[in-house]
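Analysis of the macromolecular model
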Amino acid sequence: MIVGVLVQLSNKSVDRIFDYKVPSFLIPKIKVGLRVEIPFGYQKLEGFILEIKENSTHDQELKEIIRILDEEIILSEELLQLGKWMQEQTISTLISCYQVMLPKALKAKQGSSVAKKYDTYYRLGKIENEKLNAKQQEIIDCFNKEDCIKKEVLTAISLSSVKTLVKKNILIPEQKEHYRVLYNSEIENKYPLTKDQSKVVKKVLTAEKTNVYLLHGVTGSGKTEVYMELIEDTLKNDKTSIVLVPEISLTPQMVDRFTKRFGNQVAAIHSGLSEGEKYDEWRRIYRGEAKIVIGARSAIFAPLHHLGMIIIDEEHSDSYKQEDKMPRYSAIDVAIYRGKVNKCPVIMGSATPSLGTYARCEKGVYSLLELPNRVNGKNLPDVELIDMNGEIKKGYNYFSKRMIEKITEKLEKKEQMILLLNRRGYSSFVTCKNCAHTIKCPNCDITLTYHKANKMLRCHYCGYATFLPTTCPECRENALSTLGVGTEKIEEELKKLFQEARILRMDVDTTSRKGMHKKMIEAFKNHEYDILLGTQIVAKGLDFENVTLVGVINADTSLNIPDFRSSENTFDLLSQVAGRSGRSEKKGEVVIQTFNPKHYAISYVKNHDYYGFYKEEMNIRKILKYPPYYYLVYIKISGKDYTLLEKESQKIKKSLEKYLQNTIILGPSPAFIFKINNIYRYGIILKYKKEENLYPTLKKMDDHYKSSTSVKVEIDFNPIHF
């Protein structure tokens, strides 16, 4: 027997199947999808069996596989096919497509540190005329109610007695695996659906064919309750479900709501779990012990059987796209593919759908579902725009007069508020008032951000950090000053203005420790804090009944980014964070501070007018030939040698111009941040509607550079960032 093995090496030059012989004693156990250990050159590596055959086309003597690493098939037939589809769609290595599906414990050279956890239990052996003392008898009596009892329960009665009974074979020890993640098993009653919710649920459940749906519901309209109702029906049909959320901060609240409805049928997959917890959750899912998987982007690869429903909450979020490494996939595209394979509906929900998704609804590609009203019957919060140009002239800096008044009012009423500033750190950069020198990262073409708490300057791209110097590194004058503002600075200013207020700051710097997202959300929910200050992680999905004010410190932060989506991102962010206010019985208010109050991305937020923004932005996209009217590909060319990089970038452009006749080619031009970690970066943007030669041309280019050590070429279809 011969097996074709894909080696777990993320190297383009070895991204192919290698043939191996199977020792006779292993033949009965061989299956496609199993993980095996193999000799590879002078190394021992791991790989996946992708083929089983009788003969090999290779002339040389084949080596034998060493051993099978798992009793269970790691990659099901569906996931194997999904990986091949992803490889074709993203021009990635096949092994990277499989590795992204698995927990670290099942990846080569990484699994040894992650082990299964076991508890010791005892069952009762034979008692033949044994004389027992009182403690020993008490231990034996415990087995009147249970057949198998955990060690800690019995040793709490008497450790020495347990040891004696084990020696006499009266107690028989057994090892039972336990999972590291525990869920609340207390089931709560479900809420009755509103008329709008019932209408949506009925439309999905009575559809004659499988569809991709957009659930467009205003903030607070009860989209999550609709998801749960649909999943309940899926469970009744003995099928499973996946629920994707965009941010780790949303996962605890979503998991909590689902476990209160479905108990321990829920499993979670996200980056906030330890590697051991991820491994346990993966096995619970694989074994069919969990029927509902909730998590961020990678949860779309959950090894569920009988998949019956896929839900993508906050579908407009750019975090559903992986761009930092291969495979550069969209979880939404993968969800739609899995939906087709499993013939199950895909529900995408958002208060501010992405333009491409809404446009597909207008064309009839997707089906539109709507929840136009909040479940509590209340109106959406009133939104007030504050022109900061005038406020600064009056002497107000970070907070307008109106913002100060509103925060004071809410504090007096014992109500809570959320403040958004989408920039972390104390200040954006440090500059010299004498010579105008700005302190930059030595490895990247970007200024260092000042973090006052530890007096450090940090690069948010490569991780470089240094202490803030006392004098200017250029002119040696004591003239350094901090400019720009981040959440750390705003927290300091809040404490000066509102000394009695309890302030909780939530950003990457404060939530880096395991479990901090959940702890912070619970603390704020329990009113241990009055003000939640944070970056965009406080803008989506969070539900606090006592929040009656949302304040945006600077609405223009995302508007000033040189990206064709900057207006859409700004509208989404402001609309989403505004929706955190007034979600229960108390009236909600929103105060947005901006230097561009007449910009359409901001002015449409005032009236919660998604469709007005959609029409205006679509007109601009059409004129400029951007998505959803055109598809995009971004080709990143990077390397340490600037001269060589520039030369190769021009060669690539000329080659593309030769083979792509129906494509607009922009560039090559330096990336927005030209140097990161001492690597220079150029980019070429391709715009096209239909280009038959696109994939063959890009694949040929990728193959040409795959063994290059001086120039790296990366291809990103439908990129989020450039």
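Scroll up to find the structure this text is about.
Residues numbered from 1 in each chain as written. Predicted model: local features only at pLDDT ≥ 70, side-chain atom pairs only at ≥ 80, totals over all residues. Heavy atoms only, no water.

**So, empty space enclosed by the protein**
In this approach, a probe sized like a water molecule rolls over the atoms, and the result shows the empty space that is left. Tallying each qualifying case throughout the model produces 1 cavity of 30 Å³ or more. Estimated volume of the largest cavity: approximately 50 Å³. Class assignment of the residues belonging to the lining of the largest cavity gives a composition of 5 nonpolar, 4 polar and no charged. (1 Å grid on protein atoms, 1.4 Å probe; cavity = no way out; pocket = protein on both sides within 12 Å on 5 of 7 lines; lining within 4 Å. Points joined across faces, edges and corners; volume = space filled by probe spheres on them. Nonpolar A, V, L, I, M, F, W, Y, C, P; charged D, E, K, R; others polar.)

**A word on the pairing of strand 15 (residues 367–371)**
Side chains Ser-367, Leu-369 and Leu-371 of strand 15 all project onto a buried face; the interleaved residues Leu-368 and Glu-370 project onto a face where none is buried. Two elements, strand 9 (residues 212–217) and strand 15, share 5 bridges in a ladder whose sense is parallel. In the strand pairing of strand 15, His-216 is matched with Glu-370. (Buried < 20%, exposed > 50% of the residue type's maximum accessible area, 1.4 Å probe, protein only. Helix = DSSP H or I, 4+ residues; strand = E, 2+ residues; numbered from the N terminus. Pairing = 2+ DSSP bridges.)

**Quick look at the nonpolar core**
Grouped together as the largest cluster of nonpolar side chains are 120 residues, with contacts concentrated most on Met-86, Met-101 and Phe-258. Every residue in contact with Phe-258, bar those within four places of it in the chain, is listed here: Thr-224, Tyr-227, Met-228, Ile-231, Val-243, Gly-263, Val-266, Ile-292 and Ile-294. Counting 22 residues, the second largest nonpolar core, distinct from the first, contains Ile-635, Leu-645, Ile-684 and Val-711. (Core = buried A, V, L, I, M, F, W, Y, C linked by side-chain atoms within 4.5 Å. Contact = heavy atoms within 4.5 Å.)

**Quick notes on the pattern of salt bridges**
Opposite charge on two side chains permits pairing when their charged atoms draw close. Under the criterion given, the structure shown has 58 salt bridges. A salt bridge links Arg-261 to Glu-229; the shortest N-O distance between them is 3.0 Å. Of this pair, Arg-261 sits in helix 8 (residues 251–262) while Glu-229 is found in helix 7 (residues 223–236), placing the two residues 32 residues apart along the sequence. The class of Arg-261 is buried, set by a relative accessible area of 10%. Owing to a relative accessible area of 18%, Glu-229 belongs among the buried residues under this scheme. Ionic pairing is found between Asp-382 and Lys-587, a salt bridge with its closest N-O pair at 2.7 Å. (Salt bridge = Lys/Arg side-chain N within 4 Å of Asp/Glu carboxyl O.)

**Digging into the sheet that holds strand 30 (residues 712–717)**
Here we have 4 strands laid out as an open sheet, ordered 28-29-27-30, and antiparallel in their pairing. Strands with a single pairing partner mark the edges of an open sheet, and in this sheet they are strand 28 (663–676) and strand 30. When strand polarity is set aside, the average angle formed by the axes of neighbouring strands in this sheet is 20°. Set on the sheet, helix 19 (residues 642–659) makes contact with strand 27 (631–639), strand 28, strand 29 (679–688) and strand 30; between it and strand 29 the angle comes to about 15°. (Axes fitted to C-alpha atoms, helices over the stretch in contact; angles between N-to-C directions.)

**Things to note about the layout of surface pockets**
Computed from the structure, the second largest pocket encloses a volume of approximately 1,200 Å³. Around the second largest pocket, the lining comprises 41 residues; the ones closest to its centre are Tyr-191, Glu-225, Arg-257, Asp-543 and Arg-583. For the lining of the second largest pocket, the secondary-structure elements that each account for two or more residues are helix 7 and helix 8. For the lining of the second largest pocket, a count of residues per class yields 9 nonpolar, 16 polar and 16 charged.

**Some remarks on the sheet that holds strand 10 (residues 240–244)**
Reading across from one edge, 11-12-10-13-14-9-15 is the order of the 7 strands in this open sheet, with parallel pairing throughout. Edge strands, defined here as strands with exactly one partner in the open sheet, are strand 11 (266–269) and strand 15. Neighbour to neighbour, the strand axes of the sheet diverge by 20° on average, direction disregarded. For strand 11 and strand 12 (residues 292–295), the ladder comprises 4 bridges, and the chain directions are parallel. Residue Val-266 lies in a different strand from strand 12, and its bridge partner there is Ile-292. Where helix 7 meets the sheet, its contacts fall on strand 9, strand 10, strand 12, strand 13 (307–313), strand 14 (346–350) and strand 15, and the angle it forms with strand 13 comes to roughly 170°. Contacts from helix 11 (residues 355–362) reach strand 9, strand 14 and strand 15 within the one sheet, and its direction differs from that of strand 9 by about 110°.

**Regarding a positive patch on the surface**
A cluster of basic residues, Arg-360, Lys-363, Lys-622, Lys-625 and Lys-689, forms a positive patch on the protein surface. With respect to the helices, strands and loops of the structure, Arg-360 is situated in helix 11. Judged by its relative accessible area of 33%, Arg-360 is partly exposed. (Patch = residues over 30% accessible without salt bridge, like charges linked within 9 Å, V, L, I, M, F, W, Y side chains within 5 Å. Areas by Shrake-Rupley, 256 points an atom, 1.4 Å probe, with all protein chains shown as cover. Lys, Arg positive; Asp, Glu negative; His and termini not counted. Charge placed at Lys NZ, Arg CZ, Asp CG, Glu CD.)

**As for the pairing of strand 23 (residues 503–506)**
Consecutive residues of a regular strand have side chains that alternate between opposite faces of the sheet. Going residue by residue along strand 23, you find Ile-503 and Arg-505 tucked away on one face and Leu-504 and Met-506 tucked away on the opposite face as well. Between the parallel pair strand 23 and strand 24 (residues 531–534), the chain is carried across by helix 15 (residues 516–525), and the sense of this crossover is right-handed. (Right-handed = clockwise from strand over helix to strand, strands pointing away.)

**Here we look at helix 15**
Three or more residues of helix 15 are buried, namely Met-516, His-517, Met-520, Ile-521, Ala-523 and Phe-524. End-on view of helix 15: buried residues confined to an arc of 165°, all on one side of the axis. Turned more than 90 degrees away from the buried face of helix 15, the exposed residues are Lys-518 and Lys-519. At its buried positions, helix 15 is contacted by helix 8, strand 17 (416–420), strand 23, strand 24 and strand 25 (547–552). The positive-phi residue at the C-terminal boundary of helix 15 is His-527, with phi of around 60°. (Arc of directions from axis to C-beta.)

**Some remarks on helix 19**
A rise of 1.5 Å per residue sets the reference length of helix 19, with its 18 residues, at 26 Å; its end C-alpha atoms lie 26 Å apart and thus fit the reference within 8%. Listed as buried for helix 19 are Leu-645, Glu-648, Ser-649, Ile-652, Lys-653 and Leu-656. Seen along its axis, helix 19 keeps its buried residues to an arc of 145°; they face one direction. Residues of helix 19 that are exposed and point over 90 degrees away from its buried face: Thr-643, Lys-647, Lys-654 and Lys-658. (Expected span 1.5 Å × (residues − 1).)

**A few points about the packing of helix 11 against helix 18 (residues 610–624)**
One can describe the packing of helix 11 onto helix 18 by two numbers: an axis separation of 11 Å at closest approach and a directional angle of 95°. Here helix 11 is positioned roughly perpendicular relative to helix 18, judged by the angle of their axes. Packed against helix 11, whose contacting residues are Leu-355, Tyr-358, Ala-359 and Glu-362, the element helix 18 presents Tyr-610, Tyr-611, Phe-613, Tyr-614, Glu-617, Met-618 and Arg-621 at the interface. Its residues assigned to classes, the contact of helix 11 with helix 18 shows 8 nonpolar, no polar and 3 charged. (Parallel < 35°, antiparallel > 145°, perpendicular 65-115°, else oblique.)

**Examining the side chain of Gln-576**
Tracing the sequence through the fold places Gln-576 in helix 16 (residues 566–578). We classify Gln-576 as buried; its relative accessible area is 2%. If we skip the residues at most four places from it in the chain, Gln-576 touches Glu-314, His-316, Ser-350, Ala-351, Thr-352, Ala-539 and Lys-540.

**Some words on the state of the cysteines**
Summed over all chains, the structure comprises 0 disulfides. Note on Cys-344: no disulfide assigned, nearest cysteine sulfur contributed by Cys-361 at a separation of 17 Å. (Disulfide = S-S within 2.5 Å.)

**Comments concerning the side chain of Asp-530**
Note on placement: Asp-530 falls in the loop between helix 15 and strand 24. Among the residues examined, Asp-530 registers a relative accessible area of 9% and is labelled buried. When sequence neighbours within four positions are dropped, the list of residues in contact with Asp-530 reads Leu-411, Glu-415, Gln-416, Met-417, Glu-500, Ala-501, Arg-502 and Phe-524.

**Brief notes about the packing of helix 1 (residues 77–90) against helix 10 (residues 331–342)**
It is the contact of helix 1 with helix 10, at a shortest axis distance of 11 Å, that shows an interaxial angle of 135°. In terms of their interaxial angle, helix 1 and helix 10 are classed as oblique. The two elements helix 1 and helix 10 cross, and the hand of that crossing is right-handed. When helix 1 is examined against helix 10, the residues Glu-78, Leu-79, Gln-81, Leu-82, Trp-85 and Met-86 are found in contact with a partner set consisting of Asp-333, Val-334, Tyr-337, Arg-338, Val-341 and Asn-342. Residues belonging to the contact of helix 1 with helix 10 are distributed by class as follows: 7 nonpolar, 2 polar and 3 charged. (Left-handed = near helix turned anticlockwise from the far one by under 90°.)

**A look at the environment of Phe-674**
Secondary-structure assignment places Phe-674 in strand 28. As for Phe-674 and Arg-35, which are separated by 639 residues in sequence, their C-alpha atoms are 41 Å apart. Ignoring sequence-local partners within four residues, the contact set of Phe-674 consists of Asp-445, Tyr-642, Ile-679, Tyr-680, Arg-681 and Tyr-682.

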